Structures are given as C-alpha cells and as structure tokens.
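# Coordinate analysis (summary)
Residue-level listing of the chains:
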Amino acid sequence: MDVKIEQSWKGALAAEFDKPYFGRLVGFLRDEKASGQTIYPAGRNIFKAFELTPVQDVKVVILGQDPYHGPGQAMGLSFSVPDGVPAPPSLRNIFKEIEDDLGIRMSGRPNLESWARQGVLLLNSVLTVRSGQPASHSNIGWQEFTDAVIRYVSDNCEGVVFLLWGNFARSKRGLIDSSRHHVLVAAHPSPLARGAFFGCRHFSKTNQILVYENKTPINWQL
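These remarks concern the structure in this document. Everything numeric here is computed off the predicted structure, so don't read it as measured data.

Here is what the cut-offs are and how they apply
- Residues numbered from 1 in each chain as written.
- Predicted model: local features only at pLDDT ≥ 70, side-chain atom pairs only at ≥ 80, totals over all residues.
- Heavy atoms only, no water.
- Helix = DSSP H or I, 4+ residues; strand = E, 2+ residues; numbered from the N terminus.
- Lys, Arg positive; Asp, Glu negative; His and termini not counted.
- Charge placed at Lys NZ, Arg CZ, Asp CG, Glu CD.
- Salt bridge = Lys/Arg side-chain N within 4 Å of Asp/Glu carboxyl O.
- Core = buried A, V, L, I, M, F, W, Y, C linked by side-chain atoms within 4.5 Å.
- Buried < 20%, exposed > 50% of the residue type's maximum accessible area, 1.4 Å probe, protein only.
- Contact = heavy atoms within 4.5 Å.
- Polar contact = N/O pair within 3.5 Å; in protein donor to acceptor, adjacent residues only side chain to side chain.
- Axes fitted to C-alpha atoms, helices over the stretch in contact; angles between N-to-C directions.
- Parallel < 35°, antiparallel > 145°, perpendicular 65-115°, else oblique.
- Nonpolar A, V, L, I, M, F, W, Y, C, P; charged D, E, K, R; others polar.
- Pairing = 2+ DSSP bridges.

What follows concerns the overall build of the protein. When you go through the protein residue by residue, the secondary structure sums to nine helices and six strands. For the protein, the spread of C-alpha atoms along the principal axes amounts to about 50 × 35 × 25 Å. For the protein, the distance from the average site of its 24 positive side-chain charges to the average site of its 21 negative ones is 3 Å.

Where charged atoms from two side chains of opposite charge approach closely, those side chains can pair. Scanning the model with the defined rule gives nine salt bridges in all. A salt bridge links Glu 113 to Arg 117; its shortest N-O distance comes to 3.5 Å. Taken together, the residues span about one helical turn, with Glu 113 and Arg 117 both in helix α6 (residues 113-117) at a distance of four residues.

Here we take up the nonpolar core. Counting residues in each nonpolar core, the largest one holds 68 residues, and the members touching the most others are Trp 9, Phe 50, Ile 62, Ile 94, Trp 115, Trp 142 and Phe 145. With sequence-adjacent residues up to four places away left out, Phe 50 is seen in contact with Ile 5, Glu 6, Trp 9, Leu 13, Leu 123, Leu 127, Phe 145 and Val 149.

A few words now on the environment of Val 149. Relative to the helices and strands, Val 149 is located in helix α7 (residues 142-156). On the basis of relative accessibility, which here comes to 0%, the residue Val 149 falls in the buried class. Sequence-wise, Val 149 and Gln 133 are 16 residues apart; in three dimensions their C-alpha atoms are separated by 25 Å. For Val 149, the residues in contact, after removing those within four places along its chain, are Trp 9, Leu 13, Phe 50, Leu 121 and Leu 123.

This next bit is on the side chain of His 202. Within the fold, His 202 resides in helix α9 (residues 202-212). Engagement of the side chain of His 202 in a polar contact is seen with the backbone oxygen of Val 185, the distance being 3.3 Å. Apart from residues lying up to four places away in sequence, His 202 is in contact with Asp 101, Leu 163, Trp 165, Leu 184, Val 185 and Ala 186.

Within the secondary structure, Asn 124 sits in strand β3 (residues 120-124). Within the structure, Asn 124 has its side chain in polar contact with the backbone nitrogen of Gln 65 (distance 3.4 Å). Non-local contacts of Asn 124, meaning those with residues more than four positions away in its chain, are made with Leu 63, Gly 64, Gln 65, Asp 66, Pro 67, Leu 77, Ser 78 and Thr 146.

This part covers the packing of helix α5 (residues 89-102) against α9. Packing of α5 against α9 leaves a shortest axis separation of 8 Å and a crossing angle of 60°. Relative to α9, the element α5 is oriented oblique. On α9, the residues touching Ile 94, Glu 97, Ile 98, Asp 101 and Leu 102 of α5 are His 202, Phe 203 and Ser 204. Classifying every residue of the contact of α5 with α9 by side-chain character gives four nonpolar, two polar and two charged.

What follows concerns the sheet that holds strand β6 (residues 182-186). Here four strands make up an open sheet; going across it, the order is β3-β2-β5-β6 and the pairing parallel. Each edge of the sheet is formed by a strand with only one pairing partner; in this case those strands are β3 and β6. Geometrically, the sheet is characterised by an average inter-axis angle of 20° between neighbouring strands, direction not taken into account.

Structure (structure tokens):
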C-alpha cells in the first residue's frame, strides 16, 4: 500500500501492524489493485484521519462505517468529501443540525479537515472500499484494526467525546471505557433515518463537555 501513518499513531498501533490479519489485509489490497480494481480512497489518503489528528490531539471521535464509493468522494475522513464535491445527504443533515443547534450559518463546504485539525478524529470503521460497491471491504480486517484504534484511545486518552450515530456506530460502545470518556448516541444522519438525527444537539453538548474537561471547544463552522 502506498500509505504513510503519522508518527504518534505508528507507535501506538505498532503491534497491530505486526499481526497476521494486517499482513493479509495489505495482501488483499495489493491483489485488488493488481486485478485492476479501483479502490477508494487513494492510497495516500487511507490513513488521512490519523495524519490530521495525532493521538495526543484527540478530543472527539466521530465514527463512520466505510468510505464513500463514488469517484472523487472518499478522502480518508468519515463523512467528509473534498472541496468542490457536492455534500452527500448525511453530511447535509449534519450541517442542518449544526445550524439548528448552534444558531450558526454553514457554508455548505463539505471538507471537514478543519475539524480534524482541531482534534476531531473522523474515523471510518472500514478504511477502504471498491469503486461502486459499498461495504465491499467490510470483512478484510479493517474492523479489527479500527477496533484497536478505539480501544487505544479509550485506554490512553482522557475525557474524549465519542459521537456514535446509528446502530453500527453504537455497536462499538463496548470498546469505550465510559468511566473515563463521554459517549453520545443518536440516530444516523442519513435520510433513511427519517429525521431522527435532528435535535440530538451533539455539537453544543460536545463543546459543553470539552469546556468541562478544560479543553478548547471545537469551532464547527465551515
């Protein structure tokens, strides 16, 4: 894989990289590429979430499922797409909730890198996908890896806010020590949830918690 991982995460996850499942995962991705499959995101962006949010900076975790599978969308950050790409429906609903919750105006800019640089780990549970085939890499080992990421944050950080949206994200709740961290759950922002996400107020609640933890709140405005 043509990837690099940020130094603090490289140290934190060194044991995972040495495990047999991770070797099989890398081999699978090489075989996919060799067979002519298009994989998203591009290799340089597979570990983008880690690059932009080093271990010591993690204040919030927003857990997604797997990358967008359309051309030009996936960028290695959960829910985010690059500038110039239309915001997908779930992201539009996230922006609507932020506007209603915080009383601010969002530009509609879909690139969430500024959140990541403030300490929001935008982590997908599965880090790659085959073009046009959602969940196509859900069983190749990525979940074992990202479960280890969640456990590492839980065991080695303090007062992190975990935002778990939808049933899949909530299934990871057992990996988090709720005596050390804050877990907020809500419906998924997808339109398929028929608006159940709205009114969760997770963005104002997150900032209230961060202030309580003597941490700088997130500027959610884009």
